[in-house]
Amino acid sequence: MPERELRNRVVRIASDKVDGKEGTVGEKDTSANGTTVRGSAACVVPLGDAGREKALEGFRKPYDIPDEFPEMSAVLGVIPKHCFEKPLTTSLSYMFASLFLTVSLPVLAWKTLPTPDVTSPVSVLCWLVYAFWEGTIATGCWVVAHECGHNAFCENKYIQDSIGFVLHSALLVPYFSWQRSHAVHHSRTNHLTEGETHVPETTCEGDSGIAKLRLFDWIGEDAFAVVNLFNHLVLGWPAYLLTGATGSPARGFSNHFVPSNDALFPGNWKAKVLASDVGIVAVLFALYEWSVVYGATQVVALYALPYLFVNMWLVLYTWLQHTDVDVPHFDARNWTWLKGAFMTIDRPYPQPFDWLHHKIGSTHVAHHICSRIPHYHAREATDAIKKAFPEYYLYDPTPIVPAMWRVAKTCVATTPEGDRHYYTNPTATPEPASE
């Protein structure tokens, strides 16, 4: 019997037991619209193969992810050697390009756009369009600092940490704090309990996953998607920095400005967190002085509004890179580093976004295989990995907006299907038992 069919059969047997065919584990609650919301974790209905095919219909077929994975040395061995090279001059050229565009657009906007006025629809529209594009362009600087944090900018650690510290601090990102938490994310990608950022709520332990399923059932699929998008794209970044929201349930509450979480910020990382705070305080003071000299309106229009779009982009990337209905998470018994790294999705971000963001979303599989590869070699590394290991390489041709909507409305909480944990939601229906 194929492994996938066996997994679904195991899940169906568990569901049969819950429904009373072999004893009752928990009662079912049925809402007014007829959707079944299970009363305990054991009763949650998985999407199964049919549910995943339905969710992906019109875009692609579900991934058929193998059970066995190659050796890390074999994967790294197919990447051309020069892809690991990171000449300072090349990295600086991309940095200066992003920096020039980021600084030039506000100057141009302030000279050409109408004076910011919340009572004028034309002014509001103009400044919102500006904020979107300035935030989009500034995300390129964010990506450059992200590469510095990965030791992918140059061979000199002091140069790249200095550049990363300045760029991230300017965007109110605590450089060393996030460098550490992001490294943990890479070290535990798609680990069900030890992952970092966008760790899914589960129906296996606690009630958080069940609560989300009930919310979905209460407000409906589309309303849940809107709430999910708002929580991620607007509240997600500050919530993560301040409370560790969507971080590891095993490590618990964390704060990127106060190094109280010993599991996330051990040893000398505590001093680095405080050093990051110095950068943030310096930028906040500069913003205050800016507002004193030129007025708060200018600061809000030129900096604060674009800042919100920078946050939106970085959360969107990290969310969609490892989340979809057919991308599993693994518990401690079944997770391995390379298995987690391959649970990364390359997506077709259109131009000019992919160029402005240094291909961070379209070459992210290679980035997780080796985060020391600079972005300007990532496409070549991606092609090599895809050619050598096509059965492991995950690419989703779904356009970004439909993909975002699908993830927002269907990826509610994970439930086990055999030795994997897939997302499910209250629209899932039990698959009929095969003869």
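Residues numbered from 1 in each chain as written. Predicted model: local features only at pLDDT ≥ 70, side-chain atom pairs only at ≥ 80, totals over all residues. Heavy atoms only, no water.

Draft legend 1. Representation of helix α4 (residues 88-112) within the structure. For α4, with 25 residues, the first-to-last C-alpha span of 36 Å sits near the 36 Å given by 1.5 Å per residue. Restricting attention to buried positions, one finds in α4 the residues S91, M95, S98, T102, P106 and A109. Where α4 is buried, its residues meet α5 (121-149), α6 (157-170), α11 (296-320), α13 (353-356) and α15 (375-388). (Helix = DSSP H or I, 4+ residues; strand = E, 2+ residues; numbered from the N terminus. Expected span 1.5 Å × (residues − 1). Buried < 20%, exposed > 50% of the residue type's maximum accessible area, 1.4 Å probe, protein only. Contact = heavy atoms within 4.5 Å.)

Draft legend 2. Seen up close, a nonpolar patch on the surface. Taken together, F285, Y288, V292, V293 and Y294 make up a surface patch of nonpolar side chains, about 600 Å² in accessible area. Position of F285 among the secondary structure elements: in helix α10 (residues 269-294). Accessibility expressed as a relative area gives 52% for F285, which makes it exposed. (Patch = residues over 30% accessible without salt bridge, like charges linked within 9 Å, V, L, I, M, F, W, Y side chains within 5 Å. Areas by Shrake-Rupley, 256 points an atom, 1.4 Å probe, with all protein chains shown as cover. Salt bridge = Lys/Arg side-chain N within 4 Å of Asp/Glu carboxyl O.)

Draft legend 3. Representation of the pairing of strand β7 (residues 413-417) in the model. Of all five residues in β7, four are buried, a share of seventy percent or more. Here five bridges tie β7 to strand β8 (residues 420-424), and the two strands are oriented antiparallel to one another. Pairing of T414 across the sheet is with Y423, part of β8. The antiparallel hairpin formed by β7 and β8 contains two residues in its connecting segment, where G418 sits at a positive phi of about 70°. (Pairing = 2+ DSSP bridges.)

Draft legend 4. Local environment of the packing of α5 against α11. Relative to each other, α5 and α11 sit at 60°, their axes nearing to 7 Å. Taken as axis vectors, α5 and α11 run oblique relative to one another. Like other packed secondary-structure pairs, α5 and α11 cross with a definite hand, here right-handed. Of the residues in α11, those touching α5 at W127, L128, Y130, A131, F132, E134, G135, T136, A138, T139 and W142 are A301, L302, L305, P306, F309, V310, W313 and L314. (Axes fitted to C-alpha atoms, helices over the stretch in contact; angles between N-to-C directions. Parallel < 35°, antiparallel > 145°, perpendicular 65-115°, else oblique. Left-handed = near helix turned anticlockwise from the far one by under 90°.)

Draft legend 5. Structural context of the pattern of salt bridges. The final tally for this structure, using the stated rule, is 17 salt bridges. As a salt-bridge pair, D396 and R60 come within 3.0 Å of each other at their nearest N and O atoms. Of this pair, D396 sits in the loop between β6 (394-395) and α16 (400-410) while R60 sits in the loop between α2 (48-56) and α3 (72-77), and the two are 336 residues apart along the sequence. A salt bridge links R347 to D324, with the shortest nitrogen-to-oxygen separation between them at 3.2 Å. Within this pair, whereas R347 is found in the loop between β5 (345-346) and α13, its partner D324 is found in the loop between α11 and α12 (337-342), the two being separated by 23 residues in sequence. Through salt bridges with shared partners, a single network forms among R60, D324, D326, R347, D396 and R406.

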